[in-house]
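Observations on chain architecture
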Amino acid sequence: MKRNRVYLAVLLCLPALAVWGVLWFMGTGALMGPREVTDCLGPAFNSGAQSFAQWPLLPDAPTLEPLVRLLLDSPEFFVLFWNTCFQVFAQLAGQLLVGAPAAWAFSRLRFPGRRFLFGVYIVLMLLPFQVTMVPHYLVLDWLGLIDTPWSIIWPGVFSTFPVFIMAKGFDAVPRSMLEAAALDGAGYGRTFFYIGLPLGMPGILSALVLGFLEGWNAVEQPMTFLKNPSNWPLSLYLPQVAESELSLAMVSGLIALTPAVLIFLFGQKYLELGIQASGLKE
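Residues numbered from 1 in each chain as written. Predicted model: local features only at pLDDT ≥ 70, side-chain atom pairs only at ≥ 80, totals over all residues. Heavy atoms only, no water.

1. Things to note about the side chain of serine 107
Rule in force here: Secondary structure elements are defined from DSSP: runs of H or I of at least 4 residues count as helices, runs of E of at least 2 residues count as strands, and each element is numbered from the N terminus. Any N or O atom pair separated by 3.5 Å or less is treated as a polar contact, with the protein-specific requirement of one donor-capable and one acceptor-capable atom, and with residues adjacent in sequence counted only for side-chain atom pairs. For this analysis, residues touch if any pair of their heavy atoms sits within 4.5 Å.
Position of serine 107 among the secondary structure elements: in helix H4 (residues 75-108). Within polar-contact distance, the side chain of serine 107 engages the side chain of aspartate 171 at 2.5 Å. The contacts of serine 107, once residues within four sequence positions are left out, are Ala167, Phe170 and Asp171.

Here you go:
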C-alpha cells in the first residue's frame, strides 16, 4: 500500500515538474540581460541559424535590468495593466450584481419556463467564443461599443457560466431554512440577502475566481473587439514584444502571471467548497 502511494506521488510529480519548468524558465529569463536571452533563444527565431536554442539552468550574469526597464521605461505596460484591472473587476462586479440574483431565481424560485431558460443558459455556456463572436460583434457594433472597454465588460457581465456555478451553490441551501424564513414573514428579497448570499458564498466566490482567471487571460475577445492599442489589456502586450526585447517579455509575463496565481491561491479553498456544495443533495 505504501509503495503504491510512492508510485502515485512520483506519477503526479511528473506533470508538476513540467509546470514548474515553465515557471523556472520565466524566472531565470527575467534575471537575464538582453544579450544573454538573445544568445540563448535567438536560433529559435532565426530560421537560417546553424545552431540550436539552449537554456542554462541559471543565468550567467543575473541582473535586474529588464525589471528596471519595464517599471521605469515602459509606460505602455502600466496603461495595459490598468486597462486589464478595469475590465476584469468591472466584469466581476457585474457578474455579482446580475449573476447572483439570476442564479437564485433559477435555483429557488418556481416559474413557468424555468427549466427551458436554464437549459438555454447551459447551451450558451457550452458554445465556444468562435461561435458567438459574430452575434456579439453585431450587437456591440449596433450599440456603438466596439473599440471601447465596454465591449469586453458587458459580454462578461452577462456570461452564463457564473450563473450556472452560482445556481449549483444555491442548490445546497437547505429548503427547511427557506420555509422557516417564509413562516417568519421574510419575502424573496430578505431571504436572498440574509440566507441565500451567506450560505451560497462558496459558489459565488468560485464563480468570481474562475471569472477573474478567464478575464485576466482573455485574448480572443480583446483581439476581436478592441482595435485601438491604448484600450488593449495586458494579455495582448506580450505578443507585441520583439525578438530584441525577449528579456522584457520574460519580466512582463512573470508580472502578468502574479495576480492570477495569487487569486487562485486565495480562492482555491472556495473553489473546493463550491464543488463540494454543488454535489450535496438535501
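Still more to cover.
2. With respect to a nonpolar patch on the surface
As a reminder of what qualifies: A patch consists of residues exposed above 30% relative accessible area that lack any salt bridge, with like charges linked at up to 9 Å and nonpolar side chains (Val, Leu, Ile, Met, Phe, Trp, Tyr) linked at up to 5 Å. Only the protein chains shown count as cover for residues, with accessible areas throughout obtained via the Shrake-Rupley method and a probe of 1.4 Å. Each salt bridge in this description consists of a side-chain nitrogen of Lys or Arg and a carboxyl oxygen of Asp or Glu lying within 4 Å of one another.
Nonpolar side chains collect at one region of the surface, where Leu31, Leu64, Leu67, Val68, Leu71, Leu72, Phe78 and Trp82 lie side by side and expose about 750 Å² of accessible area between them. Contributions of two or more residues to the nonpolar patch are made by helix H3 (65-73) and H4. Per element, the largest residue contribution to the nonpolar patch is four residues, and it comes from H3. You can see tryptophan 82 is positioned in helix H4.

3. Brief notes about the confidence of the model for the chain
Any residue range with low pLDDT should be treated as having predicted coordinates unsuitable for detailed reading. Keep this limit in mind: For every residue, the predictor states its confidence as a pLDDT score lying anywhere from 0 to 100.
A residue-level look at the chain finds 88% of positions with pLDDT of 70 or above and a mean pLDDT of 80. Mean pLDDT across the elements of the chain bottoms out in helix H2 (residues 34-45) (69) and peaks in helix H7 (residues 150-157) (91).

4. Notes on the packing of aromatic side chains
The condition that has to hold: Under the pairing criterion, centres of Phe, Tyr and Trp rings, with the six-membered ring standing for Trp, must be within 6.5 Å; the plane angle then separates stacked pairs below 30 degrees from edge-to-face pairs above 60, leaving the rest tilted. Classification of residues uses two cut-offs on accessible area relative to the type maximum, computed with a 1.4 Å probe and protein chains only: under 20% is buried, over 50% is exposed, and between them is partly exposed.
All chains considered together, the criterion is met by 19 aromatic pairs. Look at phenylalanine 129 and phenylalanine 225: their rings are 6.0 Å apart centre to centre, the planes differ by 80 degrees, and that puts the pair in the edge-to-face class. Here the residue phenylalanine 129 occupies a position in helix H6 (residues 129-142), and phenylalanine 225 occupies one in helix H12 (residues 220-225), the gap between them amounting to 96 residues. Phenylalanine 225 carries the same exposure label as phenylalanine 129, and that label is buried. One aromatic cluster is present, formed by Phe77, Phe78, Phe81, Trp82, Phe89, Phe212 and Trp216 through successive ring pairs.

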